[in-house]
Amino acid sequence: MNTNQWMSLLGLANRARKIISGEELSVKEIRSGKAKLVLLSADASANTTKKITDKCKSYEVPYKLVEDRHLLGQAIGKEARVVVAVLDDGFARKLMTLLD
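Please read all numbers here as calculations on a predicted model, not as lab measurements. (Residues numbered from 1 in each chain as written. Predicted model: local features only at pLDDT ≥ 70, side-chain atom pairs only at ≥ 80, totals over all residues. Heavy atoms only, no water.)

Caption draft 1: Looking closely at helix α2 (residues 23–32). Among all positions in α2, only Ser26, Val27, Glu29 and Ile30 are buried. For α2, the angular spread of buried residues about the axis comes to 160°, placing them on one side. In α2, the exposed residues that point more than 90 degrees away from the buried face are Glu24 and Lys28. Looking at the buried residues of α2, the elements they touch are β1 (19–21), β2 (37–41), α3 (46–58) and β4 (83–86). Phi turns positive one or two residues past the end of α2, at glycine 33, with a value near 85°. (Buried < 20%, exposed > 50% of the residue type's maximum accessible area, 1.4 Å probe, protein only. Helix = DSSP H or I, 4+ residues; strand = E, 2+ residues; numbered from the N terminus. Arc of directions from axis to C-beta. Contact = heavy atoms within 4.5 Å.)

Caption draft 2: Molecular detail of the pattern of salt bridges. Per the stated rule, a full pass over the model turns up five salt bridges. Here glutamate 24 makes a salt bridge to lysine 51, at a shortest N to O gap of 3.0 Å. A residue pair is termed long-range when its members are at least 10 positions apart, and glutamate 24 in helix α2 and lysine 51 in helix α3 qualify at 27 residues. Notably, a salt bridge pairs aspartate 43 with arginine 69, separated by 3.3 Å at the nearest N-O pair. In this pair, aspartate 43 sits in the loop between β2 and α3 while arginine 69 sits in helix α4 (residues 69–75), placing the two residues 26 residues apart along the sequence. (Salt bridge = Lys/Arg side-chain N within 4 Å of Asp/Glu carboxyl O.)

Caption draft 3: Layout of the packing of α2 against α3. Where α2 contacts α3, the two axes come as close as 10 Å, and the packing angle between them is 15°. Viewed along their axes, α2 and α3 adopt a mutual orientation that is roughly parallel. Where α2 crosses over α3, the two elements pack in a sense that is left-handed. Of the residues in α3, those touching α2 at Glu23, Glu24, Val27, Ile30 and Arg31 are Thr48, Lys51, Ile52, Lys55 and Cys56. The residue inventory of the contact of α2 with α3, partitioned by class, reads four nonpolar, one polar and five charged. (Axes fitted to C-alpha atoms, helices over the stretch in contact; angles between N-to-C directions. Parallel < 35°, antiparallel > 145°, perpendicular 65-115°, else oblique. Left-handed = near helix turned anticlockwise from the far one by under 90°. Nonpolar A, V, L, I, M, F, W, Y, C, P; charged D, E, K, R; others polar.)

Caption draft 4: Representation of the environment of leucine 12. Note that leucine 12 resides in helix α1 (residues 3–15). As for leucine 12 and phenylalanine 91, which are separated by 79 residues in sequence, their C-alpha atoms are 8.8 Å apart.

Caption draft 5: Geometry of the packing of α1 against helix α5 (residues 89–99). Two elements in contact, α1 and α5, have axes whose closest approach is 9 Å; the angle formed by their N-to-C orientations is 165°. Between α1 and α5, the crossing angle belongs to the class labelled roughly antiparallel. α5 is crossed by α1, and the crossing has left-handed handedness. Contact residues: Gln5, Trp6, Leu9, Leu10, Leu12 and Ala13 in α1; Phe91, Lys94, Leu95, Leu98 and Leu99 in α5. Of the residues belonging to the contact of α1 with α5, the class tally is nine nonpolar, one polar and one charged.

Written as structure tokens, this is what we have:
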């Protein structure tokens, strides 16, 4: 996985205001059907991981794991982030190919 590629793409999506970060907000977007892809940090708590992956499965939203919360936060120019939801089809598709 090319870390720099997905991180800069996520940064771009962030500047385009096409992402939302944080557990509660992401769950809300998954429920509303706006989330096209969820990025979950591999170091999220077991609770958070289960909550997010269960939500994604029941609403059929794809999700990808990224190395850790610091990279995820860094990509969007924020503090450590455990969950980021991508709200745009184009960005979601491209990120999925980069994170496979």
